Amino acid sequence: MPMKDHGPFLREIGDKYGEIFTLKFGRTYWVVLNSRRAVNELLVKRAAIYSSRGSHMAHSIISGEKRMLLMPYGDMWRRQRRVMHQLLNSSQKPVFRAFQDLESKALMADLLEKPERWYLSVARFSNSVIMSVVFGRRTALGDPDISALHRAQEEFVPFTMPGASLVDSFPVLANIPYLKGLQPWRRKGDEINRRTTSTFTRLMEDLKRRIDQGFANACFMTKLLESSAKKEDFTAEEMAYIAGTLIEAGTDTTRTSLLELVAGTAMYPEWIPRARAELDSVCGHNADRLPEFDDRDRLPMIKAAIKESVRWRPSTAQTGVPHALTAEDEFEGYHIPAGTIVTWNHWAISHSEAEYKNAEQFYPERFLDEDLDDIVKGHYGFGAGRRLCVGYNVAEGNLFIAIARLIYCFDIEQEFSHPVVVDKPFPVSAEVEPFKTIIKPRSEAHRRLIERECHSGVKFSSGAP
Ligand code: HEM
């Protein structure tokens, strides 16, 4: 198995073996689902037994059993999911909207002033919304804490992939006594765990310093610290991982969806005239005002583009976030033992002509149907069943406001000397330019609109003196 770009690799196997295939690594089975039908039948309809996780290396060692994304189905997962749900459910939309509005204005201003750093501006936007809500502080371009967070994520993700670690292929090895140095994989895992814990803890300490000095903005973590002080719900390290997980899970997914949007628009601009006609009828043909959240119902093409940016060429979770089966099961002649890892081949499904007509094309119109307002329907970009992304409401708000303003204000074109590479996912690192593109204001009037409305969003107020 390759250590990266699993999507194209498992797609090829799927093309050969069909809707469901099994891989075996040592003593561990992986079932890979290559159709929406199979995902729905197993991960959704049988969610009661298909909702655990199974990586000892990524969960127990690298994450010290504290990263909620990787937790097995059980009490700690339920408690953390409940807390996150309180922060992220749809009733919290107004809290997020204030930050999404501000940060998307900052994004427009950054794109106007530094178009060559477009991918870094997109990464900053994606991170700053969630940092503001979780830690009450904004993110600057090039913030070293954010680079450390990206690194922490880049380090654990490969270990969730098929065959990535000896101990996951032979789980019995985890029982070997650690003290005698007989678990060589632990050296690497413990090292990553130390770095990750120190990154997450540093963010918490920074917040506590701001609280002690009396200038912390109210945010999710100030509330969690207060309630946990009363009820002792979570230890300090558990809280650091809850916050870290939210930042990780909320940042890169939004970032790569926006990269897909930019790449898709540069390559397949046919959807733009219809989207612009809607935007212009709402905000004026001559850049009268920016699109706002209240315009949603009059902008169906933007809503459709959100879903297409999550479906098309998925760079995060290319082959899903693997689930684990907690009881043995039978499905259409297959016997699936308990403990099997089951994942959905998001890259293969998204590229399949059997699933989507003109699958290779960025074509938002495919989502103009009765499910338009349900962001998780029609694709498996947000996962499935009980592990479905808990942050999809936030994702929807992030993507809506950023895409609406971007498409209203800017032209996006391919740089033909460096065409977008379409046969593999974008580089994992947020600091690497994934492809070249030309982003420029649609007109002089749109430039003036950005200068008038968006420059206020660039001025930072982190709360720090
Ligand atoms: C376009 C944006 C996003 C995409 C495509 C996305 C996608 C996903 C996927 C594929 C999963 C795994 C689902 C599964 O295992 O079935 C997931 C889980 C998760 N997501 Fe998102 N996500 C996005 C945004 C966000 C945001 C903004 C947040 C938080 C603010 C968030 C928080 C989480 C968390 C905490 C989990 C773990 C859920 C669990 O294991 O129970 N996500 N997301």
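Treat the numbers as computed from the prediction; the structure is a model and nothing was measured.

S.K.: Could you give me a rundown of the overall build of the protein chain, with the residues and numbers involved?
M.R.: Of the regular secondary structure elements, the protein chain holds 16 helices and eight strands. Computed over the C-alpha atoms, the radius of gyration of the protein chain is 22 Å, within 12% of the 23 Å expected from 2.2 N^0.38 for a compact globule of 465 residues. Seen along its three principal axes, the alpha-carbon backbone of the protein chain occupies a region of about 70 × 60 × 40 Å. In the protein chain, which comprises 465 residues, the proportion classed as buried is 56%. Of the contacts formed within the protein chain by residues at least 6 apart in sequence, a portion of 74% connects residues at least 24 apart. As displayed, the protein chain offers around 19,600 Å² of accessible surface, 53% of which is attributable to carbon and sulfur atoms. Of the charged side chains in the protein chain, 62 are positive and 62 negative, and the gap between their average positions amounts to 3 Å.

S.K.: Residue-level account of the sheet that holds strand 6 (residues 341-344), with values.
M.R.: If you trace the four strands from one edge of the open sheet to the other, you get 1-2-6-3, paired in mixed fashion. With partners counted over all chains shown, the strands left at the sheet margins are strand 1 (20-25) and strand 3 (323-324), one partner each. Against the sheet, helix 2 (residues 36-44) contacts strand 1, strand 2 (28-33), strand 3 and strand 6, and its axis sits at roughly 130° relative to strand 2.

S.K.: Just give me the short version of helix 15 (residues 392-409), but keep the residues and values in it.
M.R.: For helix 15, which comprises 18 residues, the first-to-last C-alpha distance of 25 Å matches the rise-based estimate of 26 Å (1.5 Å per residue) to within 8%. Of all 18 residues making up helix 15, 17 are buried, and the element is well covered by its neighbours.

S.K.: Describe the coordination of the iron atom of the ligand, listing the residues and the values that go with them.
M.R.: The protein gives the iron atom of the ligand a lone donor atom, Cys389 (SG), placed 2.3 Å from the metal. By the secondary structure assignment, Cys389 is in the loop between helix 14 (346-351) and helix 15.

S.K.: Break down the packing of aromatic side chains for me, with residues and values.
M.R.: What the rule picks out here adds up to nine aromatic pairs. Relative to Phe362, the ring of Trp271 has its centre 5.9 Å away and its plane inclined at 55°; by these criteria the two rings are tilted. A residue pair is termed long-range when its members are at least 10 positions apart, and Trp271 in the loop between helix 11 (236-267) and helix 12 (272-283) and Phe362 in the loop between helix 14 and helix 15 qualify at 91 residues. Residue Trp271 is classed as buried on the basis of its relative accessible area, which comes to 1%. Since its relative accessible area comes to 1%, Phe362 is described here as buried. Ring centres of Phe293 and Phe400 lie 6.1 Å apart, and the angle between their planes is 35°; on these two criteria the pair is classed as tilted. Residue Phe293 is located in the loop between helix 12 and helix 13 (300-311), and its partner Phe400 is located in helix 15; the two are separated by 107 residues in the primary sequence. Both residues of the pair, Phe293 and Phe400, count as buried.

S.K.: Break down the site of the ligand for me, citing the residues and quoting the values.
M.R.: Close contacts around the ligand come from 26 residues, with Arg53, Trp77, Arg81, His323 and Cys389 the closest. One nitrogen or oxygen atom from the side chain of Arg53 is found 2.9 Å from an oxygen atom belonging to the ligand. Contacts to the ligand include His323, whose side-chain N or O atom sits 2.8 Å from an oxygen atom. Elements that contribute at least two residues to the shell around the ligand include exactly helix 4 (75-88), helix 11 and helix 15. The element contributing the most residues to the shell around the ligand is helix 11, with five residues. Taken together, the residues that form the shell around the ligand break down as 15 nonpolar, eight polar and three charged.

S.K.: Tell me about the environment of Gly385, and name the residues and values.
M.R.: Within the element layout of this structure, Gly385 appears in the loop between helix 14 and helix 15. C-alpha of Gly385 to C-alpha of Ala47: the two residues are 338 residues apart in sequence and 5.2 Å apart in space.

S.K.: Outline the UniProt feature "binding site: heme" (unreviewed entry) in the protein chain, listing residues and values.
M.R.: Mapped onto this numbering, the UniProt entry gives "binding site: heme" (unreviewed entry) at Cys389. Each residue touching Cys389, except ones within four places of it in the same chain, is listed here: Arg81 and Phe382.

S.K.: Explain helix 7 (residues 144-156) residue by residue, including any values.
M.R.: Over its 13 residues, helix 7 runs 19 Å from end to end, which matches the ideal 18 Å to within 8%, given 1.5 Å per residue. Of the surrounding secondary structure, the elements contacted by the buried residues of helix 7 are helix 3 (56-62), helix 6 (118-135), helix 9 (184-212) and helix 11. For helix 7, the capping residue at the N-terminal end is Asp143, with a side-chain oxygen 2.9 Å from the backbone nitrogen of Asp145.

S.K.: Explain the nonpolar core to me, using residue names and the numbers behind them.
M.R.: Nonpolar side chains tend toward joint burial in soluble globular proteins. Of all hydrophobic cores here, the largest spans 92 residues; its most connected members are Val134, Phe135, Met221, Trp271 and Ile403. Ranked by the residues each element gives to this core, the list is headed by helix 11, at 13 residues. When near neighbours in sequence (up to four residues on either side) are disregarded, Val134 contacts Leu87, Cys219, Phe220, Met221, Ala243, Leu246 and Ile247.

S.K.: Run through the confidence of the model for the protein chain, naming residues and quoting values.
M.R.: Taken residue by residue, the protein chain gives an average pLDDT of 92. The fraction at 70 or more is 98%. Taken as a whole, residues 461-465 scores under 50 in pLDDT and shows 11 contacts with residues more than four places along the chain or in a different chain.

S.K.: Which residues make up the packing of helix 11 against helix 15, and what are the values?
M.R.: For any two helices packed against each other, the geometry is given by the interaxial angle and the distance between the axes. Two numbers describe how helix 11 lies on helix 15: the axes approach to 11 Å, and their chain directions differ by 30°. Between helix 11 and helix 15, the angle is such that the two are roughly parallel. Between helix 11 and helix 15 lies a crossing of right-handed hand. Residues Thr254, Ser257, Leu258, Leu261, Val262 and Thr265 of helix 11 form the contact with helix 15, whose participating residues are Asn398, Leu399, Ala402, Ile403, Leu406 and Ile407.

Calculation notes
Residues numbered from 1 in each chain as written. Predicted model: local features only at pLDDT ≥ 70, side-chain atom pairs only at ≥ 80, totals over all residues. Heavy atoms only, no water. Helix = DSSP H or I, 4+ residues; strand = E, 2+ residues; numbered from the N terminus. Rg over C-alpha atoms; globule rule 2.2 N^0.38 Å. Buried < 20%, exposed > 50% of the residue type's maximum accessible area, 1.4 Å probe, protein only. Contact = heavy atoms within 4.5 Å. Areas by Shrake-Rupley, 256 points an atom, 1.4 Å probe, with all protein chains shown as cover. Lys, Arg positive; Asp, Glu negative; His and termini not counted. Charge placed at Lys NZ, Arg CZ, Asp CG, Glu CD. Pairing = 2+ DSSP bridges. Axes fitted to C-alpha atoms, helices over the stretch in contact; angles between N-to-C directions. Expected span 1.5 Å × (residues − 1). Donors = N, O, S within 2.8 Å, 3.2 Å for Na, K, Ca; no water. Phe/Tyr/Trp six-rings, centres within 6.5 Å; stacked < 30°, edge-to-face > 60°. Near = heavy atom within 4 Å. Polar contact = N/O pair within 3.5 Å; in protein donor to acceptor, adjacent residues only side chain to side chain. Nonpolar A, V, L, I, M, F, W, Y, C, P; charged D, E, K, R; others polar. UniProt positions renumbered as here; feature names shortened; annotations may be inferred. Core = buried A, V, L, I, M, F, W, Y, C linked by side-chain atoms within 4.5 Å. pLDDT = per-residue confidence, 0-100. Parallel < 35°, antiparallel > 145°, perpendicular 65-115°, else oblique. Left-handed = near helix turned anticlockwise from the far one by under 90°.

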